[in-house]
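# Residue-level structural notes
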Amino acid sequence: MERQPPGFYLCAILDVRLRDGEVFPAADRLAQAGVPIIFHSGHADRQGLEDRYPGALVCAKPCAPRTLRARLDDVIQAIG
């Protein structure tokens with residue numbers, strides 16, 4: 001992730017719990033770089049994520065693909 005130039009990532013869609021741990025170290029780096037984040041997780045504390053990552057969107061699993069797509073469209077519209 002550090003090897004990519006600024007502006008490389010349009011948006012990040014992240015699950016909170018991964019096989020090897022939680023996603024927060026990567027989410028912190030992305031947030032610091034100004035990358036919009038969508039958390040797509042069945043283990044999400046919506047309020048905690050929104051407090052830690054202002055502007056992040058939370059899409060609880062399971063969700064319909066159209067719901068996730070709508071959140072992605074929201075991000076794309078916001079960044080213009």
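To be clear, the structure that these remarks concern was listed above.
Quick summary incoming for the structure in this document. (Residues numbered from 1 in each chain as written. Predicted model: local features only at pLDDT ≥ 70, side-chain atom pairs only at ≥ 80, totals over all residues. Heavy atoms only, no water.)

## Here's the deal with the side chain of Ser41
Along the chain, the position of Ser41 falls in strand 4 (residues 37–41). Ser41 sits in the buried class, given a relative accessible area of 1%. Sequence-distant contacts of Ser41, that is, excluding residues within four places in its chain, are made with Asp15, Val16, Cys59, Ala60 and Lys61. (Helix = DSSP H or I, 4+ residues; strand = E, 2+ residues; numbered from the N terminus. Buried < 20%, exposed > 50% of the residue type's maximum accessible area, 1.4 Å probe, protein only. Contact = heavy atoms within 4.5 Å.)

## Digging into the side chain of His40
One can find His40 in strand 4. Those residues in contact with His40, other than ones at most four positions away along the chain, are Ile13, Leu14, Asp15, Cys59, Lys61, Cys63 and Leu68.

## Structural notes on a nonpolar patch on the surface
A cluster of nonpolar residues, Leu10, Ile76 and Ile79, forms a patch on the protein surface that exposes about 260 Å² of accessible area. The topology assignment puts Leu10 in the segment before strand 1 (12–14). Here Leu10 falls in the partly exposed class, since its relative accessible area comes to 47%. (Patch = residues over 30% accessible without salt bridge, like charges linked within 9 Å, V, L, I, M, F, W, Y side chains within 5 Å. Areas by Shrake-Rupley, 256 points an atom, 1.4 Å probe, with all protein chains shown as cover. Salt bridge = Lys/Arg side-chain N within 4 Å of Asp/Glu carboxyl O.)

## A look at the packing of aromatic side chains
In this description, a pair of aromatic rings is defined by centroid distance and the angle of the planes. As enumerated under the stated definition, the model contains 2 aromatic pairs in all. Here Phe24 and Tyr53 contribute two aromatic rings whose centre-to-centre distance is 6.5 Å and whose plane-to-plane angle is 10°, an arrangement assigned as stacked. Taken together, the positions of Phe24 in helix 1 (residues 24–32) and Tyr53 in the loop between helix 2 (46–52) and strand 5 (57–60) put the pair 29 residues apart, joining distant regions of the chain. With respect to class, Phe24 is no different from Tyr53; both count as buried. Ring centres of Phe39 and Tyr53 lie 5.3 Å apart, and the angle between their planes is 45°; this geometry places the pair in the tilted category. (Phe/Tyr/Trp six-rings, centres within 6.5 Å; stacked < 30°, edge-to-face > 60°.)

## Topic: the nonpolar core
Ranked by internal contacts, the top residues of the largest apolar core, which has 14 residues, are Leu14, Ala27, Leu30, Ile37, Phe39, Leu49 and Tyr53. Those elements giving two or more residues to this core turn out to be strand 1, helix 1 and strand 4. When residues in this core are grouped by element, the largest group, 3 residues, is from helix 1. Counting residues in hydrophobic clusters, the runner-up holds 5 residues, among them Cys11, Cys59, Leu68 and Val75. (Core = buried A, V, L, I, M, F, W, Y, C linked by side-chain atoms within 4.5 Å.)

## Here's the deal with the pattern of salt bridges
The full count for this structure, using the stated rule, is 5 salt bridges. In this structure, Arg52 and Asp28 form a salt bridge, with 3.0 Å as the shortest nitrogen-oxygen distance. A residue pair is termed long-range when its members are at least 10 positions apart, and Arg52 in helix 2 and Asp28 in helix 1 qualify at 24 residues. When its relative accessible area of 43% is taken as the criterion, Arg52 is described as partly exposed. Arg46 is the salt-bridge partner of Glu50, the closest N and O atoms lying 3.8 Å from each other. Of this pair, Glu50 and Arg46 both sit in helix 2, separated by 4 residues, roughly a single helical turn. Judged by relative accessible area, Glu50 falls into the partly exposed class, the value being 30%. Among the residues examined, Arg46 registers a relative accessible area of 41% and is labelled partly exposed.

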